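# Descriptive structure summary
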Amino acid sequence: MTDVVDTGTALGRPIKRKEDARLLHGQTNWTDNIQLPGTVHMAILRSPFAHAKITHLDVSGALAMPNVVAAFGAAELGDLNSSVPCVWPVTDDMVAPDFPALAKDTVHHVGDCVAVVLATDAVSAVDALEAMSVDYEPLQAVVNMESAISPGSTLVHEDKGTNTCYVYNLGGGYDEKVKEADVVVKRRFINQRLIPAFMEPRSVVAAPMGMSDEITMWTSTQIPHILRLLIALVTGIPENNLRVIAPDVGGGFGGKLQIYREEILVAQLARKLGRPVKWTETRSEDMVATHHGRDQIQDIEIAAKSDGTLVGLKVDLKANMGAYLQIITPGVPLLGMFMYPGIYKMDAYDFQCTGVFTNTTPTDAYRGAGRPESTYAIERIMDELAAELGMEPMELRRKNWIKHEEFPYTTIAGLTYDTGNYELATARALELFDYEGLRTEQKSRRDSGDRVQLGIGISTFTEMCGLAPSRTLGALKYVAGGWEHCTVRVLPTGKVEVITGTSPHGQGHETAWSQIASSILGIPVEDIEVVHSDTGRAPYGMDTYGSRSLAVGGQAIKAASERLVDKARVIAAHQLECSPEDLDYVNGVFQVKGDPEKAQPLGAVAFEAFTAHNLPDGVEPTLSAEATIDPQDFSYPHGTHLAAMEVDTETGKVTLRKYVCVDDVGVQVNPMIVEGQVHGGVAQGIAQALYEGASYDEDGQPQNANLSTYLIPSAPDLPSFITDTTCTPSTTNPLGTKGVGEAGAIASTPAIMNGIVDAIRHLGVNDVLMPATPMTVWKTIQAAKGGK
Amino acid sequence: MIPVAFDYKKASSVQDALAALAAGGEDAKLMGGGQSLLPVLRLRLNAPSVVVDCSSIPEIKGIKDEGGKIVIGAGTTHHAVMNDPAVKSSLKVLADATASVADPQIRHRGTLGGALAHSDPRADQPPVALALDAEFTIAGATGQRTVAAADFFQGPFETAVGPDEILVSVAFPKLDGWGGHYEKFNRAAQAWSIVGVAATVRMEGGKIAEARIGLTNVGGTPHRASAVEQALVGASSIAEIEAASMHASDGLSPFADEDADVEYRLHLARVLTARSVAKAAGIS
Ligand SMILES: Cc1cc2nc3c(=O)[nH]c(=O)nc-3n(C[C@H](O)[C@H](O)[C@H](O)COP(=O)(O)OP(=O)(O)OC[C@H]3O[C@@H](n4cnc5c(N)ncnc54)[C@H](O)[C@@H]3O)c2cc1C
């Protein structure tokens, strides 16, 4: 049984983010601001075809252009043309095509890299691209997943003999159990393709530093540590000679959880040319060359008794890999695999996923990575089942969810949810939403045949995050672990360095990590510097993604800070001539119990540790401590999100009128940062439901690869969200925290879509495709009416 | 997103601009606020050898109330147009349409003349100019000429302004006492119109006495819904407005895109025309 506690601990203060002054006043250097003497700028010739043979490539024309230093196609690059790695071979027989940094003889998607030119300024490099001579012989493109896996399909990679990347199965037993069911509901949901569209375009600079053998790479990445290892592995640059720095990074959403071919090229060419090389993508490049997200066809079947008790769930996915496998492309759908049952109890669960190659930009992690897809499917199908049974959708959920007294609970998918209280979050959300009032309004609009219909969308979600227990990752064939590291150092002046292996790109780690260290060290937040995202200064870490930074990295900060206090206590006791147990540690000062006049502040202890003139025997000089934490388990934030959706049945236009979310993210270190993460996440999930969707024509040409047609909502498009939290502390980590980086994006998409369907279900509608554009909604209504 | 190199000339007068255009020949391009031109250059869809900046020519900036008409210099920004008291009171539909363009930053740079001369089928102001029978003053080597709105818009991105000419001003007959509304239908606050309807009506005794209707993005050029204008005369109820608005799709052959296929666009033209007229007429 989980007790509910409030969050009023020393950690829970909503203090303003330390990093914001620098970010908001433009007083930081993004990667593209880095100007090193002698830099050459790289520009990339990209394929205009989705699938074509390169029949002729001559880069020499570019060499004749002003200010050009070098130009390379795959032939000229030779051995330096390293392949982009995939680190998650999900099955033993997974098909992994070669993915060279520069395409060798065939291009496989629009935006595929064909050649590069390097010039002493960026303008000359771009101009010189036009002087290259290249001929293509267009091949038939494969865009649609179902046709890609049907017999006789054109192959994306001829040499592989198939467009199927892998087939993954979990469970079994559904077909037997379903016999006990009274009702079976099947739906096909489409989780469309999305583009991460972070604000700061990707940028990378690599430079031989000239004072050692070191090559330093600055790059706009979420994963400097993993990148260092992978760049070393694929390029042959000795890992010890490679330093990777992610300066302030302007957003990632998974899109910068990657080793990109451009990073490999810049590293190789800096080494080859012996001078700094720089590349910054244009927005047009970003839309086709940064990995995309989602893109799944979800065939979902749910079975229940007539009283609503769930019997089982069957999931059959087709997941679009795109043209190549990037870092964890095949694993993304499997991150959702365990979460299809959501918060519900059931007796059977079958899962199958088929990874499919197409001539499209590769897909990979995008905010939520796998869990938004699973949450969408389960929360949508629960509404469909409720409609089939004639039950109130919240009632159906209540009947089936794990009761708060049943935690810890092992789900049918095999995960053990540690804590949660769905009743509490739901009760609070219903109250804030005025659920009954809106249901009454909905009824009266229906009865009067109002042009504008109202729907209520529910999403009672949970997700697994805090990636991840290393053994679990191993069992899933992921090639690395999920631990996190921290070193805490008190400098001789009393200032503190918290050196973390997480790599923030907007989340506010500098503030939150300072708060954790401050709460243990008793040192003011201002006197703590968080050092991160530089493998030279913070050598150990597994970086930031999967809502892991606090749930995993935060624990390392706590542990290292506590170890540091332990060491300081021994030194202070020696100085104060008492035994360590006789010391209290209050607000950063060691005091002798019963004699508080006899005291030594942590700074003074640090100075003693630095001079080492008077240390107890066996104690090493300097005051630092480190901790490397492997999490025991995932964390499972949950929440209840409710959306009031208005649908103009005459035009199909949808308006989000009210959005309430009550999230349980366990103990909060900084509630203001939590609220910010929830807001951004909710907006991003709404964007999937209503605005975003990358599309291709049948030749594989992107149809909306620009920000004029790929619509991203902005503040005027969204109402003020009403947010609140409940707190059931996680028991899988000592701080009791759960991740929050992805929760909003996971929860909000089904809430919006359930609301739209609820508004027009009486017209005969039982699904609406995303994004729910006015035309899509209007056409859906027309079709349901039996019109055209 | 780096344009092909071009020469830049800042013109100080209309004569100066015309001379620069003549000197630059076919590859010269005028620039107003640059809000449509620069994206085109950055995407390398166009590569003029010289860009003649006419954003600082005093003669083509500003708004004048000339009794029966309001004359707006081509170089007047959207921001200035939508906030001008005379425009707000006598040309409400123009103020509304202008306020719906893009976002504040763009409205502070983009110009009415640039928007009309660019003649993007999705642009919000051209149908207003068409419906209001605006008159365009164009300067060229041989002096100035005026062109009626009906002859100005000739195709997508094609107008009566020749490559060696400059649009100087646009005169709108004042519509004092008329109700006006611009109904913009788009997917996000800062997105272009899928369909837009400019409506302005004169009421007499609770009935529509006269109406002017222009539609955005239902064809290659802005569309004047003359059949609706005629059918609306005498209308005093929503039902009558809706019936008249059924003519909004008469004679249209719109294109299809991701936002709307032909059927949906025609449907929107009818529905939004009725809504725009009802709001302009104050009938609900
Ligand atoms: C993100 C974004 C969103 C937008 N959204 C909308 C929208 O929702 N609705 C809408 O209507 N518009 C929209 N626009 C376009 C905007 O309104 C532009 O300001 C307008 O189309 C062009 O005005 P400009 O002065 O910037 O012209 P410029 O870009 O400078 O020029 C456009 C064209 O007109 C020509 N030109 C300019 N001035 C003259 C002149 N005096 N004589 C002859 N030719 C001239 C130029 O040679 C060029 O061909 C948007 C623009 C952007 C960038």
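Turning to the overall build of chain B, a few remarks are in order. Tallying secondary structure elements over chain B gives 12 helices and 14 strands in all. Radius of gyration (C-alpha) of chain B: 19 Å, near the 19 Å computed for a compact globule of 284 residues. The principal-axis extent of the C-alpha atoms belonging to chain B is close to 60 × 45 × 30 Å. Within the span of chain B, comprising 284 residues, buried residues form 54% of the whole. Contacts in chain B between residues at least 24 apart in sequence constitute 60% of all its contacts with a sequence separation of at least 6.

All right, on to unusual backbone geometry then. Trans peptide bonds make up the majority, and among non-glycine residues the majority have a negative phi. Residue and element names in this part refer to chain A. Following F407, the chain continues into P408 via a peptide bond in cis, with omega recorded as -10 degrees. Looking at the element boundaries, P408 is found in the loop between α12 (393-400) and β16 (409-410). Of note, the amide linkage connecting L467 to A468 takes the cis form, showing an omega dihedral of -5 degrees. Considering the arrangement of structural elements, one finds A468 in the loop between β18 (452-462) and α15 (470-475). Backbone geometry places D295, a non-glycine residue, at a positive phi of 75 degrees. The exposure class assigned to D295 is buried, which follows from its relative accessible area of 14%. A positive phi angle is found at E577, which is not glycine, with a value near 55 degrees. Structurally, E577 is set in the loop between α17 (549-576) and β22 (583-586).

Here the focus is the confidence of the model for chain A. Looking at chain A, the pLDDT average stands at 96 and 98% of residues meet or exceed 70. Here residues 1-9 of chain A scores under 50 on pLDDT; set against residues more than four positions off or in separate chains, the count is 20 contacts.

So, on to the pattern of salt bridges. All names here are of chain A. In this structure the tally under the stated criterion is 71 salt bridges over all chains. Residues R439 and E392 are paired through a salt bridge, measuring 3.6 Å at the closest nitrogen-oxygen approach. Placement of the pair is R439 in helix α14 (residues 435-448) and E392 in the loop between α11 (371-389) and α12, with a sequence separation of 47 residues. The exposure class assigned to R439 is buried, which follows from its relative accessible area of 16%. With a relative accessible area of 30%, E392 lands in the partly exposed category. Overlapping salt bridges, with partners in common, bring together R46, R202, E262, E281 and E285 in one network.

Turning to the sheet that holds strand β2 (residues 28-31) of chain B, a few remarks are in order. Residue and element names in this part refer to chain B. In space, the 3 strands of this open sheet follow the order β1-β3-β2, with parallel pairing throughout. At either margin of the open sheet sits one strand with a lone partner, and together these are β1 (7-10) and β2. Neighbour-to-neighbour, the strand axes of the sheet open up by a mean angle of 25 degrees, direction not taken into account. Summarising the sheet, β2 and strand β3 (residues 50-53) pair through 4 bridges and their orientation is parallel. Pairing of L30 across the sheet is with V52, part of β3.

Here is the key point about a regular strand: its side chains alternate between the two faces of the sheet. Residues and elements named next belong to chain B. With 7 of 8 residues buried, strand β10 (residues 166-173) lies mostly within the body of the structure. As defined by bridge partners, strand β6 (residues 135-140) adjoins β10 across 5 bridges and the pair is classed as antiparallel. Opposite I138, over in β10, you have L167 as the bridge partner.

This part is about the interface of chain A and chain B. Tallying the contact residues gives 31 residues for chain A and 24 residues for chain B. Looking only at chain A, the three residues that lose the most surface to chain B are T651, M775 and W778 of chain A, adding up to 22% of its buried area. In this structure, the connection of chain A to chain B is made through 6 salt bridges. When the shortest N-O distance is used, the salt bridge between R275 of chain B and D648 of chain A registers 2.8 Å. Run the count over chain A and chain B and you get 14 residue pairs in polar contact (both at pLDDT 80 or more). Counting residues per element, the ones that place at least two in the side of chain A that touches chain B are α4 (122-129), α9 (283-289) and α21 (774-784) of chain A. Residues of the side of chain A that touches chain B, tallied by class, amount to 11 nonpolar, 9 polar and 11 charged.

A few words on the nonpolar core. Residue and element names in this part refer to chain A. Ranked by internal contacts, the top residues of the largest apolar core, which has 160 residues, are M42, I752 and I756. With 8 residues, α11 is the single largest residue contributor to this core. Split by domain, this core shows at least three residues from each of two domains, domain 1 (34-139 + 199-251 + 256-289) and domain 2 (293-467 + 633-785). If near-sequence neighbours (up to four positions away) are discounted, I752 is found in contact with A643, M645, L656, Y659, I686, A689 and L690. Listed in part, the 42 residues of the second largest apolar core include V496, I520, I528 and V530.

What follows covers the site of the ligand. Residues and elements named next belong to chain B. Taken together, 28 residues lie near the ligand, and L30, G32, G34, L37 and T111 sit nearest. At 2.7 Å from an oxygen atom of the ligand is found a main-chain nitrogen or oxygen belonging to G34. Within the backbone of A102, a nitrogen or oxygen atom sits 3.4 Å from an oxygen atom of the ligand. Relative to its unbound accessible area of 970 Å², the ligand is 90% covered by the protein chains. When contributions to the shell around the ligand are tallied by element, the ones reaching two or more residues are β2, α7 (112-118) and β10. If one sorts the elements of the shell around the ligand by residue count, α7 sits on top with 4 residues.

Another aspect to go through is the sheet that holds strand β10 (residues 215-219) of chain A. Think of a sheet as strands paired side by side through backbone hydrogen bonds, with each pair either parallel or antiparallel. All names here are of chain A. Taking strand neighbours across the sheet as the criterion, the 7 strands line up as β3-β5-β1-β12-β9-β10-β11 in an open arrangement whose pairing is mixed. Of all strands in the sheet, those bounded by a partner on one side alone are β3 (68-73) and β11 (242-245). Between one strand and the next, the sheet's axes are offset by a mean angle of 20 degrees, whatever the strand orientation. In the sheet, strand β1 (residues 40-46) pairs with strand β12 (residues 277-280) via 2 bridges, with the strands oriented parallel. Of the residues in β12, the one forming a bridge with V40 is V277. Across the face of the sheet, α4 comes into contact with β1, β3 and β5 (113-119) while running at roughly 25 degrees to β1.

The next thing to look at is the packing of helix α7 (residues 224-235) of chain A against helix α8 (residues 261-273) of chain A. All names here are of chain A. Direction vectors running N to C along α7 and α8 enclose 60 degrees, while the axes themselves pass 11 Å from each other. Considered as vectors, α7 and α8 are oriented oblique to each other. Remark: the crossing between α7 and α8 carries right-handed chirality. On α8, the residues that touch L227, I231, V234 and T235 of α7 are E263, I264, A267, Q268 and R271.

Residue and element names in this part refer to chain B. Annotation of chain B at the domain level lists domain 1 (7-53), domain 2 (58-173) and domain 3 (179-281). Relative to domain 2, the C-alpha centre of domain 1 lies at a distance of 19 Å. Carbon and sulfur atoms make up 70% of the area that domain 1 and domain 2 hide from each other, which totals about 990 Å². In terms of surface lost to domain 2, no three residues of domain 1 exceed V14, L18 and Q35, which account for 48% of the buried area on that side. Linking domain 1 with domain 2 are 0 salt bridges, by the criterion used here. The tally of links from domain 1 across to domain 2 stands at 1 residue pair in polar contact (both at pLDDT 80 or more). Among the elements that take part in the side of domain 1 that touches domain 2, helix α1 (residues 14-24) stands out by supplying 4 residues, more than any other. Grouping the constituent residues of the side of domain 1 that touches domain 2 by class yields 5 nonpolar, 6 polar and no charged.

How each quantity is defined
Residues numbered from 1 in each chain as written. Chains lettered and ligands numbered in written order. Predicted model: local features only at pLDDT ≥ 70, side-chain atom pairs only at ≥ 80, totals over all residues. Heavy atoms only, no water. Helix = DSSP H or I, 4+ residues; strand = E, 2+ residues; numbered from the N terminus. Rg over C-alpha atoms; globule rule 2.2 N^0.38 Å. Buried < 20%, exposed > 50% of the residue type's maximum accessible area, 1.4 Å probe, protein only. Contact = heavy atoms within 4.5 Å. pLDDT = per-residue confidence, 0-100. Salt bridge = Lys/Arg side-chain N within 4 Å of Asp/Glu carboxyl O. Pairing = 2+ DSSP bridges. Axes fitted to C-alpha atoms, helices over the stretch in contact; angles between N-to-C directions. Buried area = accessible area lost by both parts, 1.4 Å probe. Polar contact = N/O pair within 3.5 Å; in protein donor to acceptor, adjacent residues only side chain to side chain. Nonpolar A, V, L, I, M, F, W, Y, C, P; charged D, E, K, R; others polar. Core = buried A, V, L, I, M, F, W, Y, C linked by side-chain atoms within 4.5 Å. Domains from an automatic or database assignment. Near = heavy atom within 4 Å. Areas by Shrake-Rupley, 256 points an atom, 1.4 Å probe, with all protein chains shown as cover. Parallel < 35°, antiparallel > 145°, perpendicular 65-115°, else oblique. Left-handed = near helix turned anticlockwise from the far one by under 90°.

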